[in-house]
Amino acid sequence: MKSCSIRAEDDHCRSSGVSCIMSVDEDARWLEWVTKQFESIAGDDKEINLCEFKTALKVKESFFAERFFALFDSDGSGSISLDELLKALDLLIHGTETDKLRFLFQVYDVDGSGSIDPDELRTVLKSCLSESAISLPEEKLDDLTLVLFESADTDNSGSITFEELKEELENFPEVMENLTISAANWLKPPDLDQNKHQTPRYLTRAYWQNNSRKLLFLFGYGVLNLLLFVVAMLRHSDGGVWLMVARGCGQCLNFNCTFIVVLMLRRCLTWLRATWVVRVLPLDQNILLHQIVGYAIFCFSLGHAIAHVVNFANLSQHSEFLLWEYLLTTRPMIGWVKGTASLTGVVLLLLICLMVLCSSTFVRRSGHFEVFYWSHLSYIWVLILLIVHCANFWKWFVVPGLLFLLEKIVGIAVSRMGGLYIVEVNLLPSKVTHLVIKRPQFFHFKPGDYIYINIPVIAKYEWHPFTISSAPEQSDTLWLHVRSMGQWTNRLYEYFRQTDSMELCSGRLATSLKKRRQQAKAEQDQLFGSASADRAVASTEDESIELTMFRQNGFHSGETSSLQSGAQGLVEHVMDEPGPAEGEEAPSLREVSAKFAENHRVCNIKCYVDGPYGTPTRQIFTSEHAVLIGAGIGITPFASILQSIMYRYRLRKQNCPSCNFSWCENLKDSDMTLRKVDFIWINRDQKSFEWFVSLLTKLEMDQADEEPEGRFLEMHMYMTSALSKNDMKAIGLQMALDLLAKKEKKDSITGLRTRTQPGRPEWGKVFQKLSKENKGKVHVFYCGAPSLAKAIKAQCERFGFNFYKENF
């Protein structure tokens, strides 16, 4: 690279010993950008004080703000000038590894003695935990401090020198790739690559190859609408241009209002997913197609209405009827049912506009799902009015309409049969409600399927879709995990949170429930072939599974021992789990029991279920290399899938009769062709992992020790609130967590063998690694926020992976 041509910058580079690694244009832009940002926060005095510095860097822990400020303030004036800021940032952004390490060492060397003692390191790590929003017990913090200190203090002198710290960091090469202060991104110029011309994603070859079915179907759909429009116009060419447009739009409305009903045939679509049709038609895109057809109906309705208004305006000039009479009365006798075409058309237009408005993303995602739900039920009136409005619509609608009616009748009949009851409820972190529903014998589903549930005590007439989070092999109950994000889900959580709901419990129910659990445990032990409860898939009766948090409360005296033994097992589990960071004592047995009594309900609440309905995840078992990506509560479909996968995997598992050695035969059968499963779970904070961490622990334990082609199931955990390894505010913590994980064979954050990675996944690197494994065609299944889906789908197109997204 060329050296900087700007004299001031050139002098600065030579004086600080920093090599200039940016080009002339990049360096000039960086200088201009930093100056602009400095002026925006410095105010009139052209100086940044500590308070302004904390606000600008957005650091949570004042320790780092104060340390960085002290090091940036080279003259000790108590404020930072532009020159001081430029010098410090130039070192962090452009400096050599040694320069950056020297700065890091000065941050850790709190007393300025030239070495780091254990107490200083503990203070830094404690601040690192706070900065990364990680909560660990004081004992765990001590362990992290000692393991890092012992590793770095190679001469056992009782302190860490700069050379020892540098040597320790060389064991973590990924840390040195881009060591900087990530919170100072506001002082870094925009990436120049963003300004370079890039081919739009929708014009790339990879996009067209990976979306061929959808694009061909949309092309055929567009051509069909065009043909219908043109043919209808030609048939009415003698009525004038505006009548031709009205008839053309009307014919397209006949087709689209029928087609949108076809896309609502969930049972038929679920059945078709099990046939060859799924390889030809984009059945997994039915929600997207439903939205596209809905907007097409809206546009054709507007065109149809406008064309008729103009046509009526022309007619009113040469007839006895005025324009308003054409539009709002039956006097002109337009229409096949007593001249009601105009009146029904006005009502239809209003209803369609209302449905489009209330189905917008803003309404559905802003906690007002009920507005969307009830407004969408007006489709019943729309279909009735269409039959009255148009003489030919019934001919289009009769077959799909009968199928739709039959589906509704079957759905009502199935939902009212079997007498479903919610038998247990658990209130989990982040306002997640875990429902356990008694499963009827006739209810069969596939992993990843979803159902519509109606709970009359919450809302008598509302049905809401949720993914089944239990495995089909769990024969006695269904699990649902409901995140509180709207009015109905919040009412559900609050209903069970109220202490009044404890009255739902009864001694009779508890007794029958205990008996049912014992029977179910025997069934599952036989089903999964487990030698002990520790080897079983997570279930409602497993006392060691924190996920379910099923603890009986309010039992008769004869059942007290069961509760006490379960709570005692829980205490042992809690001792190993992350806890408060402020030195709180471990919870006592009574405290743990009280906690579960507060968050757990045994109940007997009537509910109705419609389903199950299939999703794209049904194709997981026909894949060779499946990558499951869940974001937050998006793990729920994969909870069911992972349990079912491991059940099938267990059937292939072989054990040596004379030793503890186990392996898995690599077999392909009609039931499952999977050779490798990668599970990626992305969460915002530490508490979010508590939903399913115990289930994942079981899945890790169930895997064979040695396998011919490596581990069958690999897990990848990401915590987005935690700072990345190359951030100066987190590097020490992440190094300590790595060292302690190797020593204890488990992660300090989740307790899993899999190390929790800080920050967000770098999808390019993740997919590059997956493509090199050569385990067969990669199929990526995602459930979570739509914004993340776009980024993952773009990477799938780049690497040629198939992408499937969970939709409702």
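Quantities reported herein were computed from a predicted structural model and do not represent experimental measurements. (Residues numbered from 1 in each chain as written. Predicted model: local features only at pLDDT ≥ 70, side-chain atom pairs only at ≥ 80, totals over all residues. Heavy atoms only, no water.)

Caption draft 1: Summary view of the overall build of the protein. When helices and strands are tallied, the protein shows 29 helices and 15 strands. Here the protein, with 808 residues, has 50% of them falling under the buried criterion. Only carbon and sulfur atoms are counted for the fraction: they give 58% of the accessible area of the protein, which is about 38,300 Å². (Helix = DSSP H or I, 4+ residues; strand = E, 2+ residues; numbered from the N terminus. Buried < 20%, exposed > 50% of the residue type's maximum accessible area, 1.4 Å probe, protein only. Areas by Shrake-Rupley, 256 points an atom, 1.4 Å probe, with all protein chains shown as cover.)

Caption draft 2: Summary view of the environment of Asn210. Tracing the sequence through the fold places Asn210 in helix H10 (residues 205-210). Take Asn210: its relative accessible area is 29%, and that puts it in the partly exposed class. Sequence-wise, Asn210 and Cys796 are 586 residues apart; in three dimensions their C-alpha atoms are separated by 8.6 Å. Sequence-distant contacts of Asn210, that is, excluding residues within four places in its chain, are made with Cys796, Glu797, Gly800 and Phe801. (Contact = heavy atoms within 4.5 Å.)

Caption draft 3: Inspection of the packing of aromatic side chains at higher detail. Evaluated as defined, the whole model comprises 23 aromatic pairs. Relative to Phe162, the ring of Phe105 lies with its centre 5.8 Å away and its plane at 85 degrees, an arrangement referred to as edge-to-face. Of the two residues, Phe105 sits in helix H6 (residues 97-108) while Phe162 sits in helix H9 (residues 162-169), which places them 57 residues apart along the sequence. This pair shows no difference in class: Phe105 is buried, exactly as Phe162 is. Relative to Phe255, the ring of Tyr221 lies with its centre 6.1 Å away and its plane at 35 degrees, an arrangement referred to as tilted. (Phe/Tyr/Trp six-rings, centres within 6.5 Å; stacked < 30°, edge-to-face > 60°.)

Caption draft 4: Spotlight on the environment of Val432. Tracing the sequence through the fold places Val432 in strand S2 (residues 432-438). Separated by 51 residues in the primary sequence, Val432 and Arg483 have C-alpha atoms spaced 4.4 Å apart.

Caption draft 5: Quick peek at the nonpolar core. Formed by 84 residues in total, the largest nonpolar core has its most connected members in Phe72, Tyr108, Leu628, Phe679, Trp681, Leu696 and Leu713. If near-sequence neighbours (up to four positions away) are discounted, Tyr108 is found in contact with Ile116, Glu120, Leu121, Val124, Cys128, Met728, Ile731 and Gly732. One finds Leu228, Leu265, Val293 and Ile352 within the second-largest nonpolar core, a separate group that totals 34 residues. (Core = buried A, V, L, I, M, F, W, Y, C linked by side-chain atoms within 4.5 Å.)

Caption draft 6: View of empty space enclosed by the protein. Across all of its chains, the model carries 6 cavities of 30 Å³ or more by this definition. Considering the residues around the second largest cavity, the lining is formed by Tyr108, Ile116, Leu121, Leu148, Ala152, Ile160, Leu165, Gly732 and Met735. Those elements that provide at least two residues to the lining of the second largest cavity are helix H8 (138-152) and helix H27 (731-744). (1 Å grid on protein atoms, 1.4 Å probe; cavity = no way out; pocket = protein on both sides within 12 Å on 5 of 7 lines; lining within 4 Å. Points joined across faces, edges and corners; volume = space filled by probe spheres on them.)

Caption draft 7: Representation of a nonpolar patch on the surface. There is a patch of nonpolar side chains on the surface, built from Trp336, Val337, Trp394, Val398, Val399, Leu402, Leu403, Leu405, Leu406, Ile409 and Val410 and spanning about 1,000 Å² of accessible area. Leu405 sits in the partly exposed class, given a relative accessible area of 49%. (Patch = residues over 30% accessible without salt bridge, like charges linked within 9 Å, V, L, I, M, F, W, Y side chains within 5 Å. Salt bridge = Lys/Arg side-chain N within 4 Å of Asp/Glu carboxyl O.)

Caption draft 8: Here's a closer look at the sheet that holds S2. Read from one edge to the other, the open sheet built from 4 strands follows the order S5-S2-S1-S6, with strand pairing classed as antiparallel. Looking along the sheet, the strands with just one partner apiece sit at the ends: strand S5 (477-483) and strand S6 (600-606). Taken pair by pair, the neighbouring strands of this sheet meet at an average axis angle of 25 degrees, ignoring direction. Two strands pair when backbone bridges link them, and S2 and S5 are joined in this way by 7 bridges, in the antiparallel orientation. Considered in S5, the bridge of Val436 is made with Trp479. The sheet strands contacting helix H21 (residues 487-497) are strand S1 (421-428), S2, S5 and S6, and the helix crosses S2 at an angle near 80 degrees. (Pairing = 2+ DSSP bridges. Axes fitted to C-alpha atoms, helices over the stretch in contact; angles between N-to-C directions.)

Caption draft 9: The arrangement of the confidence of the model for the protein in detail. When pLDDT is averaged along the protein, the result is 76, and 75% of the positions lie at 70 or above. Low pLDDT (under 50) marks residues 505-511, which in the prediction has 10 contacts with non-local residues, meaning those over four places away or in another chain. (pLDDT = per-residue confidence, 0-100.)

Caption draft 10: Local environment of a negative patch on the surface. Residues Glu97, Glu163, Glu167 and Glu170 make up a contiguous surface patch of negative charge. Locating Glu163 in the fold gives a position in helix H9. Residue class for Glu163 comes out exposed when judged on its relative accessible area of 52%. (Lys, Arg positive; Asp, Glu negative; His and termini not counted. Charge placed at Lys NZ, Arg CZ, Asp CG, Glu CD.)

Caption draft 11: Main features of the pattern of salt bridges. If you walk through the whole model with that rule in mind, you get 12 salt bridges. Lys676 is paired through a salt bridge with Glu773; the nearest N and O atoms lie 2.8 Å apart. With Lys676 in strand S11 (residues 676-683) and Glu773 in the loop between helix H28 (763-772) and strand S14 (778-783), the pair connects residues that are 97 residues apart, well separated along the chain. Overlapping salt bridges, with partners in common, bring together Lys676, Asp678, Glu714 and Glu773 in one network.

Caption draft 12: Structural context of unusual backbone geometry. Of the consecutive residues Gly611 and Pro612, the connecting peptide bond is found in the cis state with omega at 5 degrees. Relative to the helices and strands, Pro612 is located in strand S7 (residues 608-613). Backbone geometry places Lys338, a non-glycine residue, at a positive phi of 55 degrees. Structurally, the position occupied by Lys338 is in the loop between helix H15 (323-328) and helix H16 (341-358). Phi is positive for Lys745, close to 65 degrees, though the residue is something other than glycine. Relative to the helices and strands, Lys745 resides in the loop between H27 and strand S13 (756-758).

Caption draft 13: Geometry of H8. For H8, built from 15 residues, the straight-helix expectation of 21 Å at 1.5 Å per residue is met to within 8% by its first-to-last C-alpha distance of 21 Å. Within H8, the full set of buried residues consists of Glu138, Lys140, Leu141, Leu144, Thr145, Val147, Leu148, Phe149 and Ala152. Along its buried surface, H8 packs onto helix H7 (118-131), H9 and H27. (Expected span 1.5 Å × (residues − 1).)

Caption draft 14: Highlighting the packing of helix H11 (residues 212-235) against helix H12 (residues 241-262). Between H11 and H12, whose axes approach to 7 Å, the crossing angle comes to 140 degrees. Judged by the angle between their axes, H11 and H12 are oblique. The handedness of the crossing between H11 and H12 is right-handed. Residues Phe217, Tyr221, Leu224, Asn225, Leu228, Phe229, Ala232 and Met233 of H11 form the contact with H12, whose own contacting residues are Met244, Val245, Arg247, Gly248, Cys249, Gln251, Cys252, Phe255, Asn256 and Phe259. In terms of residue class, the contact of H11 with H12 is built from 13 nonpolar, 4 polar and 1 charged. (Parallel < 35°, antiparallel > 145°, perpendicular 65-115°, else oblique. Left-handed = near helix turned anticlockwise from the far one by under 90°. Nonpolar A, V, L, I, M, F, W, Y, C, P; charged D, E, K, R; others polar.)

Caption draft 15: Quick look at the packing of H7 against H8. Where H7 meets H8, the axes come as close as 9 Å, and the angle between the chain directions of the two elements is 125 degrees. Looking at the two axes, H7 sits oblique to H8. Here the hand of the crossing between H7 and H8 comes out right-handed. Contacts from Pro118, Leu121, Arg122, Leu125, Lys126 and Leu129 of H7 reach H8 at Glu138, Leu141, Asp142, Leu144, Thr145, Leu148 and Phe149. Of the residues belonging to the contact of H7 with H8, the class tally is 8 nonpolar, 1 polar and 4 charged.

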